2 protein chains.
Amino acid sequence: MSVLIVGSTALDSIKTPKAANPRLLGGSASHAAVAASFFGPVNLVGAVGDDFPKRYLDLYRRHGMDLAGLQILPGKTFHWSGEYEINMNHRRTLLTELGVFETFTPTLPKSYLKSAFVLLANIAPSLQHHVLNQMKRPRFVVADTMDLWLNIALEDVLRLLKRIDGFVLNDSEAHQLTGEDNLFGAIRKIHKLGPKYVIVKQGSHGSILSGPRGFFICPAYPLNEVTDPTGAGDSFAGGMMGYLAAAQGSVDRNIRRAMVYGSVVASFCCEGFGLTRTTRVKRGQIDRRVKELEELTAF
Amino acid sequence: MSVLIVGSTALDSIKTPKAANPRLLGGSASHAAVAASFFGPVNLVGAVGDDFPKRYLDLYRRHGMDLAGLQILPGKTFHWSGEYEINMNHRRTLLTELGVFETFTPTLPKSYLKSAFVLLANIAPSLQHHVLNQMKRPRFVVADTMDLWLNIALEDVLRLLKRIDGFVLNDSEAHQLTGEDNLFGAIRKIHKLGPKYVIVKQGSHGSILSGPRGFFICPAYPLNEVTDPTGAGDSFAGGMMGYLAAAQGSVDRNIRRAMVYGSVVASFCCEGFGLTRTTRVKRGQIDRRVKELEELTAF
């Protein structure tokens, strides 16, 4: 089954202490869609400007994506520029040029309307709503967010939480949203806001799922070097949703393994700038790291 | 088999945003020894003053400890006072009164000299050396440390690393010791300094083992409330060593499970001030949380 992914499609200029890379393919939807593509077909919803390099469209196609939902609009592609500190734990935004995203409205092609699995990757929550407004209630909807929307569009986020099955956020966002210092207290409060599944990303510490079957502690793959963590969270969510859409059986039964797959795709993402490493990965390499994580957590 | 534990035996006055508790039983050896006592006999090495409350000696005895190595010296018991911030992640020391620890030298009773399992809990590294100097090479020696010793007694720590099998430290200490930002890079450098087993504590994120069989990602038990994390790291190391000393078979085979047991004892430690919660725990409760952690990490 294909997964519908909406989010930002962007060009990222990323500086780390070791290198600077201008105008790489980026954006939450790009990372999530490439991650999901390892497991099955992806319907991509986003917008790029007429400056968007053809090689990046080719890249999307090579990953088997349906691009009927990708609008190519007159104007400039969304451009983000950021810089990481030495330990890669903090980054600051140097520049945000919204370009075509200033006026973008995600209109779904008819062929996308019945998608069962929907990932609302990080993008303005009003646009996440707009996608759901066009669809019959999909089988499983997960939304991601970022601190910005909790600051400037909290009401939209809160309304969204009542319309989705799963919510993905990082631990500082969980604290910001709930005012709870204890992670598990914060998770309880987020459940009360709507979502049945709450997934808290903890970077190199992995992630925590809280769902109908209780908690799951999902490990991160040990990395000797983090080249660029941009998009790791999106890769995690995309890999998870791609795996879920492709798997047989209930979400409840598959979601733990889906998270581990997402975690592994995120580990590859961190090993290169932008999508440069992820796009060179083969499915067999992903399976091997999942197997390794089984061994690394067994006791 | 009994485990020999040396470290500080102290009175702790602990403030958190919710409460203040003066002069509780504390110190690295107290926490580690109580934790180890759930699994088998413990030989305690430390020193207290003549002001040390009899009820705390009774507490040690109730946990089946051999106190032949606990010196009761004229003077005051080591007293530490500290205060935690709201999220329990940072604490500051308000007061340190060394008392009898100013002149303490850990002399081992003859009955302790052939102990196979030795935990050098956090204490000045010169004293950790002094313990080893009195013994034939024990079968398995683990040392813990703290940032203070890396600052003021680095040479002693470096010499110690060549004499031990396992080294336990937290991630900021690993970075401090090696200058490596990447955790796995730091671990590699610590192996080169001597220890075959390196264990990095990561608080609520669990811990990482690096040993002859590769890495192990050890989970932390999810806690809805952390009342007082003082002694959690000592409880972890003590529980691990107690389990190892009691288990049949090789350290290599048992150490992962030993860490999970240590992690669970540490979780109880965090649920009460000082040792108040840990000392009320029954072995069956520990086994249940270990079982829960198996379920929480399975995928």
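In this text the structure is predicted, and so the values were computed from the model without any measurement. (Residues numbered from 1 in each chain as written. Chains lettered and ligands numbered in written order. Predicted model: local features only at pLDDT ≥ 70, side-chain atom pairs only at ≥ 80, totals over all residues. Heavy atoms only, no water.)

A. Representation of the overall build of chain A within the structure. Across its full length, chain A carries 10 helices and 13 strands. Expected size for 299 residues packed as a compact globule is a radius of gyration near 19 Å; at 18 Å, chain A falls within 12% of this value. Here chain A holds 299 residues, and the buried ones make up 60% of them. Counting only contacts in chain A whose residues sit at least 6 apart along the sequence, the fraction spanning at least 24 positions is 64%. Just so you have it, chain A exposes about 12100 Å², and 51% of that area is on carbon and sulfur atoms. Across chain A, the 34 positively charged side chains and the 27 negatively charged ones have centroids separated by 7 Å. (Helix = DSSP H or I, 4+ residues; strand = E, 2+ residues; numbered from the N terminus. Rg over C-alpha atoms; globule rule 2.2 N^0.38 Å. Buried < 20%, exposed > 50% of the residue type's maximum accessible area, 1.4 Å probe, protein only. Contact = heavy atoms within 4.5 Å. Areas by Shrake-Rupley, 256 points an atom, 1.4 Å probe, with all protein chains shown as cover. Lys, Arg positive; Asp, Glu negative; His and termini not counted. Charge placed at Lys NZ, Arg CZ, Asp CG, Glu CD.)

B. Seen up close, the sheet that holds strand β2 (residues 10–15) of chain A. Residues and elements named next belong to chain A. Pairing in this open sheet of four strands is mixed, and the strands run β3-β2-β6-β7 from one edge to the other. Two strands bound the open sheet, and with one partner strand each, they are β3 (20–26) and β7 (91–97). Between one strand and the next, the sheet's axes are offset by a mean angle of 20 degrees, whatever the strand orientation. As paired elements, β2 and strand β6 (residues 78–84) share six bridges and run parallel to each other. Bridging from a neighbouring strand, Leu 11 pairs with His 79 of β6. Together, β2 and β3 form the strand contacts of helix α2 (residues 54–62), whose direction differs from that of β3 by roughly 50 degrees. (Pairing = 2+ DSSP bridges. Axes fitted to C-alpha atoms, helices over the stretch in contact; angles between N-to-C directions.)

C. Spotlight on unusual backbone geometry. Residues and elements named next belong to chain A. In this structure, Arg 23 takes a positive phi of about 55 degrees despite not being glycine. Relative to the assigned elements, Arg 23 resides in strand β3. A relative accessible area of 36% places Arg 23 in the partly exposed class.

D. Layout of the packing of helix α6 (residues 171–178) of chain B against helix α7 (residues 183–192) of chain B. Residues and elements named next belong to chain B. Interaxial distance between α6 and α7 falls to 9 Å at its minimum, and their mutual angle equals 60 degrees. For the element pair α6 / α7, the angle class is oblique. Along this stretch, α6 crosses α7, giving a crossing that reads as left-handed. In contact with Asp 171, Ala 174, His 175, Leu 177 and Thr 178 of α6, α7 contributes Leu 183, Ala 186, Lys 189 and Ile 190. Residue classes in the contact of α6 with α7 are distributed as five nonpolar, two polar and two charged. (Parallel < 35°, antiparallel > 145°, perpendicular 65-115°, else oblique. Left-handed = near helix turned anticlockwise from the far one by under 90°. Nonpolar A, V, L, I, M, F, W, Y, C, P; charged D, E, K, R; others polar.)

E. Quick look at the relation of the copies chain B and chain A. Taken as rigid bodies, chain B and chain A are interconverted by a rotation of 180 degrees and an axial shift of 0.0 Å, the fit giving an RMSD of 0.0 Å. Here the copies are linked by what is in effect a two-fold axis. Across chain B, the rotation axis passes nearest the C-alpha of His205(B), at a separation of 3.1 Å. (Least-squares fit on C-alpha atoms with pLDDT ≥ 70 in both.)

F. Molecular detail of the interface of chain B and chain A. On the side of chain A, 30 residues touch chain B, which itself brings 30 residues to the contact. The junction of chain B with chain A conceals about 2500 Å² of combined surface from both sides, 60% of it contributed by carbon and sulfur atoms. If you look at where chain B meets chain A, you find zero salt bridges. Here chain B and chain A share 12 residue pairs in polar contact (both at pLDDT 80 or more) between them. Secondary-structure elements contributing two or more residues to the side of chain B that touches chain A are α7, β13 (214–218), α9 (251–270) and α10 (283–297) of chain B. For the side of chain B that touches chain A, the element with the highest residue contribution is α10(B), accounting for six residues. Among the residues forming the side of chain B that touches chain A, the class breakdown is 16 nonpolar, six polar and eight charged. (Buried area = accessible area lost by both parts, 1.4 Å probe. Salt bridge = Lys/Arg side-chain N within 4 Å of Asp/Glu carboxyl O. Polar contact = N/O pair within 3.5 Å; in protein donor to acceptor, adjacent residues only side chain to side chain.)

G. Examining α6(B) more closely. Residues and elements named next belong to chain B. Looking only at α6, the buried set comprises Glu 173, Ala 174, Leu 177 and Thr 178. Mapping the buried residues of α6 onto a view down its axis gives an arc of 115 degrees, with all of them on the same face. Residues of α6 that are buried make contact with α4 (147–152), α5 (154–161), β10 (166–170) and α7. Once α6 ends, the next one or two residues include Gly 179, with phi positive near 70 degrees. (Arc of directions from axis to C-beta.)

H. Spotlight on the pairing of strand β1 (residues 3–6) of chain A. Residue and element names in this part refer to chain A. Residues of β1 alternate between two faces, with Val 3 and Ile 5 on one and Leu 4 and Val 6 on the opposite face, all of them buried. Where β1 lies against strand β8 (residues 117–120), four bridges are found, and the strand directions are parallel. Bridge pairing links Leu 4 to Val 118 in β8. Two strands pair when backbone bridges link them, and β1 and strand β4 (residues 42–49) are joined in this way by four bridges, in the parallel orientation. What sits directly across from Val 6, in β4, is Val 45.

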